[in-house]
Amino acid sequence: MRQFSFQILISFLFLLGISDLAQAQRKEKLKYKAEHGMVVRDKAGSYEKLWENVTFSQKNTIIYCDSAVMLKSSNSMEAFGHVRIVDNDTVTITGNKLFYDGNTRKAQMRENVVYTSGENRLYTDFLDYEMDTRVANYFNNGKLVDLNNTLSSRRGYFYGFEDRATFYGKVELLSPEYTLHSDTLRYNTITKIAITDGRTEIITSDSTMLYSKGGEFKTIPEQSSFIKGQIDTRDYILEGDELFFDDINKFYTATGHVKMTAKNNDVIITGEKGVYWRNKGLSKVFGNPVMKKMMQADTFYLAADTLISIEDNVDSLKRILAYNHVRMFRSNLQGKADSLAYFIADSVITYYFDPVLWNFKNQIESDTISLYLKNNVVDEMYMQKDAFIVSQDTLKQFNQVKGRNMRAYFADNAIKRVDVNGNGESIYFVLSDGDSLLMGMNRILCSNITMRFKGNELNNISFYMKPEATFYPPHEITPELTRLGGFAWRASERPTLQQVLSPVPPEEIATDSLGNPIEKPSPSKPVQKSGLSATSGAAKGAAGGSPNKASGTLPSKTAVPTKKPNLNGTSGVKKKENSQQ
């Protein structure tokens, strides 16, 4: 029992000692001196007025001012004129007015306040500062400036021991390379890393705009990552689940549910990852990328392994490139190729490397195929080198036409006429009785050919320049006569919308009997891809006049350019109006 009572006594004395120590600390009196002073007594009590070279001190804190009022009863003071606080030789605060409580060691500085700690300088008219915790907070607007950045907001807290600051309400961060706006921001004054919460807006030095729902921004170097945002480039808005930008190397990335929306031409590109190089004006989307473009009441879908958009100050140089496993779908036109270029201003889409297109019952092949759009519909198609068109009739036979180059003309989304220019060959099956009875087969060699279509099927063919024709009755037709050189019916490759929107599975590698891989034959003229310098394909030719059937010759036409302009240039020469019917 005595031992228990002794323990209680010891505990009581210990607590009493702590209480006395805390009270002694709390009641440490302010020391002061001045050139002049006087005691004033009134109904509220007494206080001391001080003026000229006034100095207060408490622990490691010194306060200077022009004049002051000292309240000994509350151990507090008010200071006026050229007020300056020096705390621990590391923090300096200046202002016009100050109220200081010596018991709590809390200072309230007002008017033209400047807080300085190392390289950090804070400006405001309303600052509260706690000497023991070194926490400064301002309200009614303030600004923190260091060697690299300027941060301003309605309210802010600066934590001296932790070298960090938090800002609330209309936050603005000005760095050498960008301006950031947010509602809440946390800032490390050593690492110069800013973390935002809520909607964040960034405007770079070249006016590129980024939006997010918060993120981490490294202001030295200028690298940042944030969640669920968008990058506003000159021509596009790039969105993603996660965004990152590196202002040193001038590139931005978006990851997860990437969406790139064109501002002016109804183009949307989606994928899993996107990269934007600001200095090059170049955007790259991969991870099952798909481009969608509205064309009147229909949508044009384009997919590939990689889609690239190139911005330029010259409208004619703006383009979209597609590389590897290119597939496209529209209700009246489907196709595939290895690569593609879409010149936006000229409305020209060019396919490279073994392209094949389908328009209703017609299969179209060539080394290079160019589509010319007019009012967002296909107006013309130019097939450059080894052009080949196949269509299947009602008896499942293949009408074929091939030539050096071809130009097709569209109306109501269907092919209406095709002109073959050079080295023309054709196989045409003649049917009767409602296209149910085979009458024979025409096989013709002719330099130039014109085909006319009706109801999405071949209706008639005209030949020019000394045609050589052979007609075979049904009993003389053999399988080898029914195919032109280079014929291939590729209907199984015709992509559906689902196939365009789905990822391409890894290619199966063909092997020989010994298990060695068999290399695919290379196209005769490969597209140069390094440096985005792939050639653009056929230029825009022109045709004029009408066929002279009596003489068997074709009127002279404007020469169709065969040189493929570089993708760093234009899509081709200007297309002349065509009057041939």
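Residues numbered from 1 in each chain as written. Predicted model: local features only at pLDDT ≥ 70, side-chain atom pairs only at ≥ 80, totals over all residues. Heavy atoms only, no water.

Describing the overall build of the chain
Per the secondary structure count, the chain includes 2 helices and 36 strands. Split into buried and exposed, the 581 residues of the chain put 46% on the buried side. Excluding contacts between residues fewer than 6 apart, the proportion of contacts in the chain whose partners are at least 24 apart in sequence is 43%. Of the roughly 28,700 Å² of accessible surface on the chain, 52% is carried by carbon and sulfur atoms. (Helix = DSSP H or I, 4+ residues; strand = E, 2+ residues; numbered from the N terminus. Buried < 20%, exposed > 50% of the residue type's maximum accessible area, 1.4 Å probe, protein only. Contact = heavy atoms within 4.5 Å. Areas by Shrake-Rupley, 256 points an atom, 1.4 Å probe, with all protein chains shown as cover.)

Re the side chain of Asn-405
Of note, Asn-405 is situated in strand S32 (residues 398-411). In this structure the side chain of Asn-405 is engaged in a polar contact, spanning 2.9 Å, whose partner is the backbone nitrogen of Lys-385. Residues contacting Asn-405, with those up to four places away along its chain left out, are Tyr-382, Met-383, Gln-384, Lys-385, Ala-387, Asp-419, Val-420 and Asn-421. (Polar contact = N/O pair within 3.5 Å; in protein donor to acceptor, adjacent residues only side chain to side chain.)

A short note on empty space enclosed by the protein
Tallying each qualifying case throughout the model produces 1 cavity of 30 Å³ or more. Considered as a void within the structure, the largest cavity measures approximately 40 Å³ in volume. In terms of lining residues, the largest cavity is bounded by Asn-362, Ile-389, Val-390, Ser-391, Asn-399, Gln-400, Val-401, Met-451, Phe-453 and Leu-458. Of all the secondary structure elements, the ones that give two or more residues to the lining of the largest cavity are strand S31 (377-392), S32 and strand S34 (437-454). (1 Å grid on protein atoms, 1.4 Å probe; cavity = no way out; pocket = protein on both sides within 12 Å on 5 of 7 lines; lining within 4 Å. Points joined across faces, edges and corners; volume = space filled by probe spheres on them.)

Side note on the confidence of the model for the chain
Looking at the chain as a whole, its pLDDT mean stands at 80, while 80% of the residues score no less than 70. For residues 508-581, every residue scores under 50 in pLDDT, and the model assigns this stretch 166 contacts once sequence neighbours within four places are set aside. (pLDDT = per-residue confidence, 0-100.)

Points about the nonpolar core
If you look at the biggest cluster of nonpolar residues, it comprises 97 residues, and the most contacted ones within it are Met-77, Leu-98, Tyr-351 and Met-451. Not counting chain neighbours up to four residues away, the residues in contact with Leu-98 comprise Ile-63, Met-77, Glu-78, Ala-79, Val-83, Ile-85, Ala-107, Gln-108 and Met-109. Counting 10 residues, the second largest nonpolar core, distinct from the first, contains Phe-388, Phe-398, Ile-427 and Leu-481. (Core = buried A, V, L, I, M, F, W, Y, C linked by side-chain atoms within 4.5 Å.)

A word on the packing of aromatic side chains
Within this structure, the stated rule accounts for 11 aromatic pairs. With 5.2 Å between their ring centres and 55 degrees between their planes, Phe-398 and Phe-487 make a pair best called tilted. Placement of Phe-398 in strand S32 and of Phe-487 in the loop between strand S36 (468-472) and helix H2 (497-501) is noted, with a sequence separation of 89 residues between them. Connected via pairs of aromatic rings, a cluster forms that spans Phe-388, Phe-398, Phe-487 and Trp-489. The positively charged end of Lys-143 is found above the aromatic ring belonging to Tyr-123, 5.7 Å away from the centroid. A cation over a ring is seen here: Arg-164 above Tyr-159, with NZ or CZ 4.0 Å from the ring centre. (Phe/Tyr/Trp six-rings, centres within 6.5 Å; stacked < 30°, edge-to-face > 60°. Lys NZ or Arg CZ within 6 Å of the ring centre and 35° of its normal.)

So, unusual backbone geometry
Positive phi values are uncommon outside glycine, yet Glu-52 reaches one of about 70 degrees. Checked against the element boundaries, Glu-52 lands in strand S3 (residues 45-58). Unlike most non-glycine residues, Asp-354 shows phi in positive territory, near 55 degrees. One can find Asp-354 in the loop between strand S27 (348-352) and strand S28 (356-359). Overall, Asp-354 belongs to the partly exposed group, its relative accessible area being 47%.

A few points about the pattern of salt bridges
Using the criterion set out here, one finds 18 salt bridges in the structure. Here Arg-110 and Asp-128 are joined by a salt bridge, their closest N and O atoms 3.1 Å apart. Linking Arg-110 in strand S7 (residues 106-117) with Asp-128 in strand S8 (residues 120-130), this pair joins segments that are 18 residues apart in sequence. Accessibility expressed as a relative area gives 9% for Asp-128, which makes it buried. Measuring nitrogen to oxygen at the nearest pair gives 3.2 Å for the salt bridge that ties Asp-419 to Arg-417. On the basis of relative accessibility, which here comes to 2%, the residue Asp-419 falls in the buried class. (Salt bridge = Lys/Arg side-chain N within 4 Å of Asp/Glu carboxyl O.)

Observations regarding the environment of Lys-263
Here Lys-263 shows up in the loop between strand S19 (251-262) and strand S20 (267-277). The sequence separation of Lys-263 and Arg-234 amounts to 29 residues, and the corresponding C-alpha distance is 8.5 Å. A distance of 2.5 Å separates a polar atom in the side chain of Lys-263 from a polar atom in the side chain of Asp-232.

A closer look at the pairing of S7
Two elements, strand S6 (residues 91-101) and S7, share 9 bridges in a ladder whose sense is antiparallel. Within the sheet, the bridge partner assigned to Phe-99 lies in S7 and is Gln-108. Taken together, the 10 bridges between S7 and S8 define a ladder with antiparallel strand orientation. Opposite Val-114, over in S8, you have Tyr-123 as the bridge partner. (Pairing = 2+ DSSP bridges.)

Structural notes on the side chain of Asp-146
Following the sequence through the fold, Asp-146 ends up in the loop between strand S10 (142-145) and strand S11 (150-153). Within the structure, Asp-146 has its side chain in polar contact with the backbone nitrogen of Asn-149 (distance 2.6 Å). Reaching out from Asp-146, the side chain makes a polar contact with the side chain of Lys-192 at a distance of 3.2 Å. Leave out the neighbours within four places in its chain, and Asp-146 touches Glu-119, Asn-120, Tyr-187 and Lys-192.

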